[in-house]
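What the coordinates show
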Amino acid sequence: MAPMGIRLSPLGMGVLALLALGVLYHLYAGFLGGRLSALWLPAGEEDGQAPAAGDETQHVDLRKLLAVSLLAAKRGGDKVREVREAGVLGEKSKGKTREGADDKITDGDVQSNRQMYYTIHNTFPDLQINSEEQVVKDENVPLSWDGNIPDDVMKAIPEGKEVRADSITIWIDPLDATQEYTDNLRKYVTTMVCVAVNGEPVIGVVHKPFSSYSAWAMVDGGSNVKVRSNYDQENPTIIVSRSHTGTVQDVIRKTFGNNTVIVPAGGAGYKVLSLLDVPDDTQEKADVYIHNTFIKKWDICAGNAILKALGGQMTTLKGKDIQYSGSEAHDEGILASIGVDHSKLVKTLSGKIPYIERKAH
């Protein structure tokens, strides 16, 4: 008797085909989905981070940008020192500050600004740079970077980290503490560069031209400056502006006691360094930095980045983070600390230190 053959109907064949497709889908869906998403959704699209393969958006290596920022701050500092030591400052007034003091500018500011701006611009021409002083556009300025990344940066940050170029804003202060500079109070003077990504400070450089010391840090990267071994939370030494004290000193004494040590000082960069372990004999030390009058973001961004990288905080007096995008103005006060309970400080000072009135110059 001949063997019987098995024949499938067209409907049965269709069912088997669908089952086979289902098995293949479950086996390869994750793989194919990942491959397709790599094509359509570049990694870091939402947060400005590293590009995926095939992403043609321009990206910048933050480690290289840190190296260029260090070079820019030092070149600017050299000009600041040269002008001061020559003794001809070319001092002028740009107008009045909100407190009615002269807003001064010197040849040191101008020459430093030129060095700093073009060192960065000639290396990264597409990045947005915000500077305290106006830049005279001259694309033929022969300032460049040789591609060298300092050894201490390489050691602290072994690998580069790329972010989208259009997420970057650079803030440069070619001469912080101009008033003190004209008064020959050299220890307060700094040059500063800050790199913000999507408004968040991630790279900070504070350079002291008259001691040749540079503090730098990169958030989630590394730093050449350290936190001090101890801070006083209960009876903190508090550093404030020597020229824009407002009502802050009276409030500090009422809040922390009449014996509270208050250090008046010039320059926002100098005041941030007072919170850290800085190997400079001219650097005073403090536990908290408070400021309650109008200030510009290029004054505070670099210090904010350094503190953030080391685990500290710089916020408004109400404890809000400061965004480094949009307007250069900041008029909600500053509370900066490291090694202490920052939220407790915010609560302690809550509502006690008024901000400067929000009015135009």
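In this text, all values refer to a predicted model and were calculated from it rather than measured experimentally. (Residues numbered from 1 in each chain as written. Predicted model: local features only at pLDDT ≥ 70, side-chain atom pairs only at ≥ 80, totals over all residues. Heavy atoms only, no water.)

**Description of unusual backbone geometry**
- A positive phi angle, near 55°, is found at N198, a position not held by glycine.
- Looking at where N198 falls in the secondary structure, it is placed in the loop between strand 7 (190-197) and strand 8 (200-208).
- Of note, the phi angle at S212 is positive, near 60°, even though the residue is not glycine.
- Here S212 falls in the exposed class, since its relative accessible area comes to 56%. (Helix = DSSP H or I, 4+ residues; strand = E, 2+ residues; numbered from the N terminus. Buried < 20%, exposed > 50% of the residue type's maximum accessible area, 1.4 Å probe, protein only.)

**Considerations on the packing of aromatic side chains**
- In total, this model carries three aromatic pairs according to the counting rule given.
- Aromatic pair W171 and W298: ring centres 6.2 Å apart, planes at 50°, arrangement tilted. Here W171 is found in strand 6 (residues 168-176), whereas its partner W298 is found in helix 8 (residues 297-309), with 127 residues between them in sequence. Assigned by exposure class, W171 and W298 land together as buried.
- Centroid distance Y188 to Y270: 4.9 Å. Interplanar angle 80°. Geometry classified as edge-to-face. Taken together, the residues Y188 in the loop between helix 5 (178-182) and strand 7 and Y270 in helix 7 (residues 268-273) connect sequence positions 82 residues apart.
- Residue classification places Y188 among the buried residues on the basis of a relative accessible area of 8%. (Phe/Tyr/Trp six-rings, centres within 6.5 Å; stacked < 30°, edge-to-face > 60°.)

**A short note on the pattern of salt bridges**
- Taken as a whole, this structure holds twelve salt bridges when the rule is applied.
- With its nearest N and O atoms 3.2 Å apart, the salt bridge here joins R81 to D78. With R81 and D78 both in helix 2 (residues 62-86) and three residues apart, the pair spans about one turn of that helix.
- Under the relative-accessibility criterion, R81 is labelled partly exposed at 23%.
- For D78, a relative accessible area of 31% corresponds to the partly exposed category. (Salt bridge = Lys/Arg side-chain N within 4 Å of Asp/Glu carboxyl O.)

**Some details on the side chain of R164**
- Note that R164 resides in strand 5 (residues 162-164).
- Judged by its relative accessible area of 14%, R164 falls in the buried class.
- Within polar-contact distance, the side chain of R164 engages the side chain of D166 at 2.9 Å. (Polar contact = N/O pair within 3.5 Å; in protein donor to acceptor, adjacent residues only side chain to side chain.)

**Things to note about helix 9 (residues 342-349)**
- Within the span of helix 9, buried status applies to H342, L345, V346 and L349. One side of helix 9 holds all its buried residues, which, seen down the axis, span an arc of 100°.
- Buried positions along helix 9 lie against helix 6 (248-256), strand 15 (288-291), strand 17 (313-315) and strand 19 (334-337).
- Looking one or two places after helix 9, you find G351, whose phi comes out positive at around 75°. (Arc of directions from axis to C-beta. Contact = heavy atoms within 4.5 Å.)

**Details of the state of the cysteines**
- All told, the structure shown has one disulfide when counted by the stated rule.
- Covalent S-S linkage joins C194 and C301, the inter-sulfur distance amounting to 2.1 Å. Around the S-S axis, the bridge from C194 to C301 shows a dihedral of about -45° and counts as left-handed. With C194 in strand 7 and C301 in helix 8, this pair connects stretches of sequence that are 107 residues apart. The pair C194 / C301 is uniform in exposure class, with both members buried. (Disulfide = S-S within 2.5 Å.)

**Some words on the side chain of T293**
- Within the secondary structure, T293 is located in the loop between strand 15 and strand 16 (295-296).
- T293 sits in the buried class, given a relative accessible area of 5%.

**Some words on the environment of R81**
- C-alpha of R81 to C-alpha of S212: the two residues are 131 residues apart in sequence and 10.0 Å apart in space.
- Not counting residues up to four positions away in its chain, the partners in contact with R81 are P209 and F210.
- Polar contacts involving the side chain of R81 include one to the side chain of D78, which spans 3.2 Å.

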